[in-house]
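# Chains, contacts and geometry: an overview
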Amino acid sequence: MRADRDVCIGAGMCVLTAEEVFDQDDEGVVVVLMPEPGAGRAEAVGRAVAACPSGALSLEGDQPPVR
């Protein structure tokens, strides 16, 4: 998973969708708490990627990006 902090607009959808994986800093920009969240959180991470209005989040590796 990848979070592009330069693209993030601080909407917070990632935190609302997967709060154990994502947070926001004092400026509201995404912070990844769990760079490798594991299979148990894959569904929540996928929803967070899909819900990101700026496209700052993406999946890497064997998983195709969710759009």
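The structure we're discussing is the one just above.
Residues numbered from 1 in each chain as written. Predicted model: local features only at pLDDT ≥ 70, side-chain atom pairs only at ≥ 80, totals over all residues. Heavy atoms only, no water.

What follows deals with the overall build of the protein. A tally of regular secondary structure across the protein gives two helices and four strands. Helices and strands appear in the protein in the N-to-C order β-α-β-β-α-β. When the 67 residues of the protein are sorted by exposure, 33% land in the buried category. Residue pairs in contact within the protein that sit at least 24 positions apart in sequence constitute 46% of those at least 6 positions apart. When the accessible surface of the protein is totalled, it reaches about 4200 Å², and 49% of it is carbon and sulfur. (Helix = DSSP H or I, 4+ residues; strand = E, 2+ residues; numbered from the N terminus. Buried < 20%, exposed > 50% of the residue type's maximum accessible area, 1.4 Å probe, protein only. Contact = heavy atoms within 4.5 Å. Areas by Shrake-Rupley, 256 points an atom, 1.4 Å probe, with all protein chains shown as cover.)

It is worth spelling out the nonpolar core at this point. Cys14, Phe22, Val30 and Leu57 are the most contacted members of the largest nonpolar core, which has 16 residues in total. Contributing elements (two or more residues each) for this core: α1 (13–17) and α2 (42–51). Of all the elements, α2 adds the most residues to this core, at four residues. (Core = buried A, V, L, I, M, F, W, Y, C linked by side-chain atoms within 4.5 Å.)

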